[in-house]
Amino acid sequence: AGISFHPVKDNLDQTYIVNADSLILKIEKILPLLLNRQVNVEDILIVSPDVEIKRNRGDLKLLEKDDLNGQIRELQANTMSFLNELRVKRCRIKNASFRYFPFPGSNRKYNIQHINLSIADFNLPKPGTNSNDISMEGYVKLSIQNPQLEIPDSFKRVQLDYFEWSNKEHDINVGKFV
């Protein structure tokens, strides 16, 4: 049957649904979480997560102004308001799919499938005083095998065998790009 996360309110500007076949979380020790708001995760495994995000209303021009770094800083600040420290030894996401519907009331979407993500020795400390500083340590590898890409308002298709990126290697590998 799996696991599912979704909002409890329907009247949000953006809603999400996350389903996964399985989620395994191994926390090293529970006492640091209770006493110091520190989470030390030994291993996370998420199998076949399916993420769907729908924009229900709001000004799309405001979305265009949002930059990825700003969103990551906001996520980091929100996470760290609850936690003093988050450390993950290993996280694996296997065969994920992602759909984003940016236009309210429309079926046009961004869609990508067959996503695999591996993270090792991840550390997300408190944000620095510099507003442009995004602190993240560790190894991150993203791979997508035979991606099925769908882009709204596009009549062109992009076909590739695979896509690989790692934060430790300084290149992106793409196979048979058409």
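Residues numbered from 1 in each chain as written. Predicted model: local features only at pLDDT ≥ 70, side-chain atom pairs only at ≥ 80, totals over all residues. Heavy atoms only, no water.

Looking at the overall build of the protein
Just so we agree on the cut-off: Numbering of helices and strands runs from the N terminus, with a helix taken as a DSSP run of H or I at least four residues long and a strand as a DSSP run of E at least two residues long. Burial classification: accessible surface area is computed with a 1.4 Å probe over protein chains only, and a residue below 20% of its type maximum counts as buried, one above 50% as exposed, and the rest as partly exposed. Here a residue-residue contact requires only that any non-hydrogen atoms of the pair lie within 4.5 Å. Residue-level accessible areas treat just the shown protein chains as cover; the underlying method is Shrake-Rupley with a 1.4 Å probe.
Helix and strand counts for the protein come out as three helices and ten strands. The order of helices and strands in the protein, counted from the N terminus, is β-β-β-α-β-β-α-α-β-β-β-β-β. Counting over 178 residues, the protein shows a buried share of 26%. Across the protein, the fraction of contacts at a sequence separation of at least 24, relative to all contacts at a separation of at least 6, is 58%. Surface exposure of the protein reaches about 12,400 Å², of which carbon and sulfur atoms provide 54%.

Details of the pattern of salt bridges
So the rule is basically this: For this document, the term salt bridge refers to a Lys or Arg side-chain nitrogen within 4 Å of an Asp or Glu carboxyl oxygen.
Going through the model one piece at a time under the given rule, you end up with six salt bridges. D43 is the partner of R92 in a salt bridge, and the nearest nitrogen-oxygen pair spans 2.8 Å. Taken together, the residues R92 in strand 6 (residues 85-101) and D43 in strand 4 (residues 38-47) connect sequence positions 49 residues apart. Neither residue differs from the other here; R92 and D43 are each classed as buried. Ionic pairing is found between K54 and E52, a salt bridge with its closest N-O pair at 3.9 Å. Bridged by salt links that share partners, the residues D50, E52, K54 and R99 form one connected network.

Details of the confidence of the model for the protein
Put simply, the rule reads: Per residue, pLDDT captures the predictor's confidence, and it can take any value from 0 to 100.
Mean pLDDT over the protein stands at 77; residues scoring 70 or higher make up 69%. Per-element confidence in the protein ranges from a low mean pLDDT of 49 for helix 2 (residues 60-65) to a high of 91 for strand 3 (residues 22-27).

Section: a nonpolar patch on the surface
Just so we agree on the cut-off: Patch rule: a residue counts if its relative accessible area is over 30% and it has no salt bridge; like charges are joined within 9 Å, and nonpolar side chains (Val, Leu, Ile, Met, Phe, Trp, Tyr) within 5 Å.
A cluster of nonpolar residues, L25, I27, I30, L31, L34 and L35, forms a patch on the protein surface that exposes about 620 Å² of accessible area. Those elements that provide at least two residues to the nonpolar patch are strand 3 and helix 1 (31-36). In terms of residue count, the dominant contributor to the nonpolar patch is helix 1 (three residues). Position of I30 relative to the elements: it lies in the loop between strand 3 and helix 1.

Quick notes on unusual backbone geometry
Leaving glycine out, the prevailing phi sign among residues is negative, and the prevailing peptide bond configuration is trans. Of note, the phi angle at S48 is positive, near 50°, even though the residue is not glycine. Despite not being glycine, N95 has its phi angle at roughly 55°, a positive value. Counting through the fold element by element, N95 comes out in strand 6.

Digging into the nonpolar core
Put simply, the rule is: Definition of nonpolar core: a set of buried residues of the types Ala, Val, Leu, Ile, Met, Phe, Trp, Tyr and Cys, connected through side-chain atoms within 4.5 Å.
In terms of nonpolar packing, the biggest core is built from 16 residues, with I44, V88 and C91 touching the most fellow members. Those elements giving two or more residues to this core turn out to be strand 4, strand 6, strand 7 (110-124) and strand 8 (137-145). Here this core takes five residues from strand 6, the largest share from any one element. Setting aside residues no more than four positions away along its own chain, C91 makes contact with I44, L117, S118 and I119.

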